[in-house]
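Coordinate analysis (summary)
So the chains spell out like this:
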Amino acid sequence: MRRSRFIRQVPVLLVVASLSLGCGDDTPSPEHEDAGGPSTTLRQLAARAGKRIGAAVDAAALATDETYASVLAREFDYVTPENAMKWGPLEPVDGSYAWADADDIVEFAEAHGQEVKGHTLVWHRQTPSWVDSSMSADELSSALEDHITTTMTRYKGRLRAWDVVNEAVDVATDSGFTQSVFYEVLGPSYIADAFRWARAADPEALLFYNEVGIERLGEKSDFTYDLMQELLDQGVPIDGIGLQSHVSTHRYPSLNDLQANLRRFASLGLVLNISEVDARTRLMPGEKESRLFAQRIAFQQIVSACVLEAGCEAVTFWGFTDKYSWINDEGPEDPLLFDRDYEAKPAYDGVVDGLAGERPALGPNLVPNGDFSQEDAGWSSDAELNSIDDDVLDMRAVCVTGRDGGSMGLSRAGLLDALSGGGPFSFQARVRIEGAESVSVEARLLVEEPASGEPLQELNIAARPVTNGEWMELAGYFGLGFESSPTAITLTLSSTPADVDLCVADVRIESVSAR
Ligand code: G3I
């Protein structure tokens with residue numbers, strides 16, 4: 001596995017400049033403390049953890065908002081142009097490049113002791129309008145090679161890494177690949193070609209594949225893992241993978257899922273990046289304070305997962321202040337670390353805790369008889385229930401057989417007292433199915449909240465494909481909130497299709513706190 005680093009000779013003048021700005025060294029400058037910043041910055045904490053902490057950069061904000069530039073320089077040591085280096089913004093007219101925004105970001109980074117990750121050379125969105133499926137394979141291939149070569153050559157030796165191909169997987173399609181102009185005209189070989197052209201253009205840059213929605217174990221991360229393995233086996237020069245991690249506080253991957261995924265991609269010899277972190281908060285009902293606390297926990301979990309995995313080198317947030325997030329078009333999602341006035345939110349503390357390698361703390365199991373020590377007491381099903389002592393897990397389990405209806409599964413009512421306080425929770429259970437090669441098993445909470453706009457809510461808190469006969473972990477984090485007072489909360493576990501036997505063990509719902 002290549003670990004290329006380039007050593008940049010930073011002129012003495014620039015070093016002095018960076019020291020005066022209180023970044024690039026360990027002691028915060030007086031100006032920095034007067035600026036109301038924290039005594040220890042994220043980039044200092046990240047350096048102590050041996051990691052990079054990054055942010056996507058909005059070129060317009062960088063050029064016009066001094067506070068934006070100051071906080072970016074103070075807190076982050078790794079920057080990714082949010083849009084400036086995409087093909088459309090860079091080459092809106094064939095052969096005519098608009099370098100200014102990208103140059104500004106690279107020069108700002110170099111002046112502030114920050115490294116740069118280029119984003120993104122090949123993506124089916126924000127391509128120039130002159131790139132379309134009317135082009136022949138030779139025309140498109142030549143245009144793509146020229147774009148990659150020209151762009152990477154301009155910044156050769158100055159960028160640590162590049163997102164070469166972004167979001168090429170879509171498991172909703174027959175092929176599993178995103179139906180893009182590249183796939184339609186060139187076929188899947190465009191992925192390998194892009195990486196080979198990139199390696200030739202800048203042999204010193206780390207080349208990343210970047211993907212959305214592969215944080216959880218499941219179909220898309222499985223397909224992506226297999227694709228990476230196949231390309232690496234063909235000698236395609238891929239150095240790293242980015243797990244974007246755009247999450248929502250109402251439901252996001254469990255820490256175990258995230259770490260299991262990180263580990264398996266690392267086992268391919270890939271450098272890991274958690275590359276585009278933000279956490280929507282609007283879908284989680286309840287008070288803003290509770291939603292922002294759930295966001296703090298989400299960021300702590302994601303950052304600690306990278307700090308605790310040797311193969312993970314960087315966590316990059318997709319922006320850093322709610323003032324400029326790409327998400328807010330649907331109303332106040334408040335997805336980032338700083339609010340619109342650049343005040344650090346609870347999410348900032350979550351990043352601090354995560355950089356210290358502190359996982360969120362779990363409380364006691366809130367599911368009565370979740371370990372089935374009292375057999376199936378308190379559990380119910382529309383089908384047949386029987387409890388067993390499973391010798392594989394060496395623990396008690398309950399199996400549901402004779403399921404012939406889609407909703408038939410295992411239910412646990414009476415969770416109102418345990419969960420009505422709301423907040424972030426962790427869910428996990430061991431599940432096994434018999435009678436089908438692989439089916440999806442889901443965990444849901446049925447919340448009765450008569451006074452709310454939705455009197456009966458079904459919250460999907462975890463789902464995954466489960467292979468026949470194997471005990472697997474079904475897990476997820478979720479944020480629970482209420483518009484009014486709930487009157488009943490029931491946990492159900494079921495699978496689709498229904499005509500398979502479902503066994504369940506070690507069911508846990510635990511409150512999650514910072515420490
Ligand atoms: O620059 C034009 C401006 O001239 C015009 O007036 C304005 C109104 O139409 O649009 C501006 O372009 C916008 C661009 O952001 C720059 O602000 C585009 O409309 C808008 O679609 C684009 O959104 C970007 C989005 O990618 C495009 O899909 C977001 O800022 C950016 O955060 C987002 O980032 C992607 C990553 O690159 C890949 N992973 C997913 C992530 C979120 O979609």
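Now for a quick tour of the structure. (Residues numbered from 1 in each chain as written. Predicted model: local features only at pLDDT ≥ 70, side-chain atom pairs only at ≥ 80, totals over all residues. Heavy atoms only, no water.)

1. Quick look at the state of the cysteines
In the structure shown here, the tally under the stated rule is two disulfides. A disulfide bridge connects Cys306 with Cys312, and the sulfur atoms are separated by 2.0 Å. An S-S torsion of about -95° defines the bridge between Cys306 and Cys312 as left-handed. With a sulfur-sulfur separation of 2.0 Å, Cys399 is cross-linked through a disulfide to Cys503. Between Cys399 and Cys503 the sulfur-sulfur dihedral comes to about 110°; the bridge is accordingly right-handed. (Disulfide = S-S within 2.5 Å.)

2. Focus: the nonpolar core
One finds Val165, Met228 and Phe317 to be the most contacted residues of the largest nonpolar core, which totals 105 residues. Sequence-distant contacts of Met228, defined by excluding residues within four places in its chain, comprise Tyr209, Ile238, Ile241, Phe265, Leu268 and Leu270. Of all hydrophobic cores here, the second largest spans 37 residues; its members include Ala429, Val431, Phe482 and Val504. (Core = buried A, V, L, I, M, F, W, Y, C linked by side-chain atoms within 4.5 Å. Buried < 20%, exposed > 50% of the residue type's maximum accessible area, 1.4 Å probe, protein only. Contact = heavy atoms within 4.5 Å.)

3. Thoughts on helix H10 (residues 189-201)
With 13 residues, H10 extends 18 Å between its outermost C-alpha atoms, agreeing within 8% with the 18 Å of an ideal straight helix rising 1.5 Å per residue. Three or more residues of H10 are buried, namely Tyr190, Ile191, Ala192, Ala194, Phe195, Trp197, Ala198, Arg199 and Ala201. The inward-facing, buried residues of H10 abut strand S3 (115-122), helix H8 (137-154), strand S4 (161-166), helix H9 (181-186), strand S5 (206-211) and helix H11 (219-233). (Helix = DSSP H or I, 4+ residues; strand = E, 2+ residues; numbered from the N terminus. Expected span 1.5 Å × (residues − 1).)

4. Quick notes on the packing of H8 against H10
Between H8 and H10, whose axes approach to 9 Å, the crossing angle comes to 35°. As for how H8 packs across H10, the hand of that crossing is right-handed. Two secondary-structure elements touch here, H8 through Ser141, Leu144, Glu145, Ile148, Thr149, Met152 and Thr153 and H10 through Ala194, Trp197, Ala198 and Ala201. Tallied by class, the residues present in the contact of H8 with H10 amount to seven nonpolar, three polar and one charged. (Axes fitted to C-alpha atoms, helices over the stretch in contact; angles between N-to-C directions. Left-handed = near helix turned anticlockwise from the far one by under 90°. Nonpolar A, V, L, I, M, F, W, Y, C, P; charged D, E, K, R; others polar.)

5. Some points on the side chain of Arg296
On the secondary structure map, Arg296 appears in helix H13 (residues 288-307). Assessed through its relative accessible area of 14%, Arg296 is described here as buried. One polar contact links Arg296 to Asp353, side chain to side chain, over a distance of 2.8 Å. (Polar contact = N/O pair within 3.5 Å; in protein donor to acceptor, adjacent residues only side chain to side chain.)

6. Digging into the pairing of strand S6 (residues 240-243)
By the alternation rule, side chains of S6 split into Gly240 and Gly242 and Ile241 and Leu243, which are all buried. As judged from the four bridges shared by S5 and S6, these two strands associate in the parallel manner. From the neighbouring strand, Glu211 faces S6, where its bridge partner is Leu243. Between S5 and its parallel partner S6, the chain crosses via H11, and the hand of that crossover is right-handed. With four bridges connecting them, S6 and strand S9 (residues 271-280) associate as parallel partners. Note that in S9 the partner of Ile241 across the bridge is Leu272. (Pairing = 2+ DSSP bridges. Right-handed = clockwise from strand over helix to strand, strands pointing away.)

7. Some points on the packing of aromatic side chains
Tallying each qualifying case throughout the model produces 17 aromatic pairs. Between the aromatic rings of Phe76 and Phe320, the centroid separation amounts to 5.5 Å while the plane-to-plane angle is 45°, which identifies the pairing as tilted. With Phe76 in the loop between helix H5 (66-75) and strand S2 (78-81) and Phe320 in the loop between strand S10 (312-317) and helix H14 (346-355), the pair connects residues that are 244 residues apart, well separated along the chain. Since its relative accessible area comes to 0%, Phe76 is described here as buried. Aromatic ring contacts, followed pair by pair, group Tyr68, Phe76, Phe320, Tyr324, Phe338 and Tyr348 into a single cluster. Taking the ring centre of Phe208 as reference, the NZ or CZ of Lys117 above it sits at 4.3 Å. If you follow Arg264 out to its NZ or CZ, it ends over the ring of Phe265, 5.9 Å from the centre. (Phe/Tyr/Trp six-rings, centres within 6.5 Å; stacked < 30°, edge-to-face > 60°. Lys NZ or Arg CZ within 6 Å of the ring centre and 35° of its normal.)

8. A closer look at the environment of Asp390
In this fold, Asp390 is placed in strand S13 (residues 384-390). Note on Asp390: relative accessible area 6%, which makes it buried. Through-space distance from the C-alpha of Asp390 to that of Cys503 is 9.8 Å; in sequence the pair is 113 residues apart. Those residues in contact with Asp390 that sit more than four places away from it in its chain are Met395, Arg432 and Trp471. A distance of 2.9 Å separates the side chain of Asp390 from the backbone nitrogen of Val392, its partner in a polar contact.

9. Topic: H11
Its 15 residues give H11 an end-to-end C-alpha distance of 21 Å, which sits within 8% of 21 Å, the value for a rise of 1.5 Å per residue. The complete set of buried residues in H11 reads Lys220, Ser221, Thr224, Tyr225, Leu227, Met228 and Leu231. Buried residues of H11, seen end-on, are gathered within an arc of 165° and therefore sit on one face of the element. Exposed residues pointing more than 90 degrees away from the buried face of H11 are listed as Glu219 and Asp233. The inward-facing, buried residues of H11 contact H10, S5, S6 and helix H12 (255-266). Phi turns positive, to about 80°, at Gly235, one or two residues after H11. (Arc of directions from axis to C-beta.)

10. Some thoughts on unusual backbone geometry
Trans peptide bonds make up the majority, and among non-glycine residues the majority have a negative phi. Of the consecutive residues His119 and Thr120, the connecting peptide bond is found in the cis state with omega at -15°. With respect to the helices and strands, the residue Thr120 is situated in strand S3. In the Ramachandran plot, Ser245 falls in the positive-phi region, its phi being about 65° despite a non-glycine side chain. By secondary structure assignment, the location of Ser245 is in the loop between S6 and strand S7 (246-248). On the basis of relative accessible area, Ser245 is assigned to the buried category, the value being 1%.

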